[in-house]
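Descriptive analysis of the structure
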Amino acid sequence: MNLPLVQTSEQDFTSFLRIPTVTDLTTLEADFAIVGVPFGVPYDMRGVASGASEAPMAIRECSARYGRFLNHYDFDLGGEFLNGSSVRVVDCGDVPADPRDLAGNAARATAAIRSIVDRGTVPIVLGGDDSIPGLALKAFEGADPIYVLQIDAHLDFRDEVDGIHDGYSSPMRRASEMPWVQKIIHVGLRGVGSARPTDVAASKKAGNTLITAREVREKGVKRVLQEFPEAANIFITIDC
């Protein structure tokens, strides 16, 4: 599938860390590919282009200053960024969207990520609101069982909100229904969010694990890691 994700003629496009761009996914040859999905599944017209839709470009712009340091010594990593390896990382730009075609926007996001996966490349998806993980996980249909690590203050396990089943309160509920998703580990839960007691019960009944922020603070990251079998395929989603 040939999806023109970014217009290379645009002079103001800044890639992540100023790495090379690849917009023709049929020619993609990389180990990791950055792809922006600014637009997810809104609950109303106000959410079509929410503030979160500006995040992919904001992340790129913040990262650009570090591009010239990629071959410098990083004391946090104990060496240069890729440590002299042949790992190739590219930026595929953003999935295009049309405010008059909300269903098409979601389908294009999944199709673009699927194209990256089909090329044997690991996608690194920049959202967008929190409906994006559900759209991304659809792209792994038919894959080996996947464990989902969700780092989030909220459960995101609502079945629907105002009749919308794929909005930002529901991505983990939709993920739990995907046959290729083995289990979800919710990590960092705290405070009050959209979850009802029935949503918490539903996630537990589905066999998922809920780990609060308090538990991580008291028991450490090892508490989280013990939930994953060795060599598991892990999809990581982080809500900021």
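Residues numbered from 1 in each chain as written. Predicted model: local features only at pLDDT ≥ 70, side-chain atom pairs only at ≥ 80, totals over all residues. Heavy atoms only, no water.

Side note on the pairing of strand β4 (residues 146-151)
- Most of β4 is tucked away, with 5 of its 6 residues classed as buried.
- Judged from the 6 bridges that link them, β4 and strand β5 (residues 181-189) form a sheet pairing that is parallel. Bridge pairing in β5 places Tyr-147 opposite Lys-183.
- With helix α4 (residues 171-176) bridging β4 and the parallel β5, this β-α-β connection has right-handed handedness. (Buried < 20%, exposed > 50% of the residue type's maximum accessible area, 1.4 Å probe, protein only. Helix = DSSP H or I, 4+ residues; strand = E, 2+ residues; numbered from the N terminus. Pairing = 2+ DSSP bridges. Right-handed = clockwise from strand over helix to strand, strands pointing away.)

As for the sheet that holds strand β2 (residues 89-94)
- An order of β2-β1-β3 is seen for the 3 strands of this open sheet, with the pairing classed as parallel. Looking at which strands have only one partner, the edges of the open sheet turn out to be β2 and β3 (122-127). The mean inter-strand angle of the sheet, taken between neighbouring strand axes irrespective of direction, is 20°.
- Pairing geometry for strand β1 (residues 32-37) and β2, over 4 bridges, is parallel. Bridge pairing in β2 links Ile-34 to Asp-91. (Axes fitted to C-alpha atoms, helices over the stretch in contact; angles between N-to-C directions.)

Some thoughts on the sheet that holds β5
- If you walk across this open sheet you meet the 4 strands as β6-β5-β4-β7, and the pairing is parallel. Every other strand in the sheet has two partners, leaving β6 (209-212) and β7 (233-238) as the edge strands with one partner each. Across the sheet, the mean angle from the axis of one strand to that of its neighbour is 15°, orientation sign disregarded.
- Where β5 and β6 come together, 4 bridges link them in parallel fashion. Bridged to Val-187 within β6 is Ile-211.

Digging into the nonpolar core
- Counting 34 residues, the largest nonpolar core has Leu-28 and Val-148 as the members making the most contacts within it.
- Of all elements in the fold, only β1, β2, α2 (102-118), α3 (132-138), β4, α4 and β5 reach the threshold of two or more residues within this core.
- If you tally residues by element for this core, the top one is α2, at 5 residues.
- With sequence-adjacent residues up to four places away left out, Leu-28 is seen in contact with Val-22, Ala-33, Val-90, Cys-92, Ile-116, Arg-119 and Thr-121.
- Listed in part, the 7 residues of the second largest apolar core include Tyr-147, Ile-185, Val-187 and Ile-211. (Core = buried A, V, L, I, M, F, W, Y, C linked by side-chain atoms within 4.5 Å. Contact = heavy atoms within 4.5 Å.)

Digging into a nonpolar patch on the surface
- On the surface, a nonpolar cluster with roughly 270 Å² of combined accessible area is contributed by Phe-32, Val-87, Val-122 and Ile-124.
- On the secondary structure map, Ile-124 appears in strand β3. (Patch = residues over 30% accessible without salt bridge, like charges linked within 9 Å, V, L, I, M, F, W, Y side chains within 5 Å. Areas by Shrake-Rupley, 256 points an atom, 1.4 Å probe, with all protein chains shown as cover. Salt bridge = Lys/Arg side-chain N within 4 Å of Asp/Glu carboxyl O.)

Quick notes on the pattern of salt bridges
- Considering all chains together, one arrives at 15 salt bridges under this definition.
- The closest approach of N and O atoms between Arg-158 and Asp-199, which form a salt bridge, is 3.8 Å. Taken together, the positions of Arg-158 in the loop between β4 and α4 and Asp-199 in helix α5 (residues 197-205) put the pair 41 residues apart, joining distant regions of the chain. Both residues of the pair, Arg-158 and Asp-199, count as buried.
- Among the salt bridges present, the one from Arg-174 reaches Glu-177, with a minimum N-O distance of 2.9 Å.
- Judged by its relative accessible area of 11%, Arg-174 falls in the buried class.

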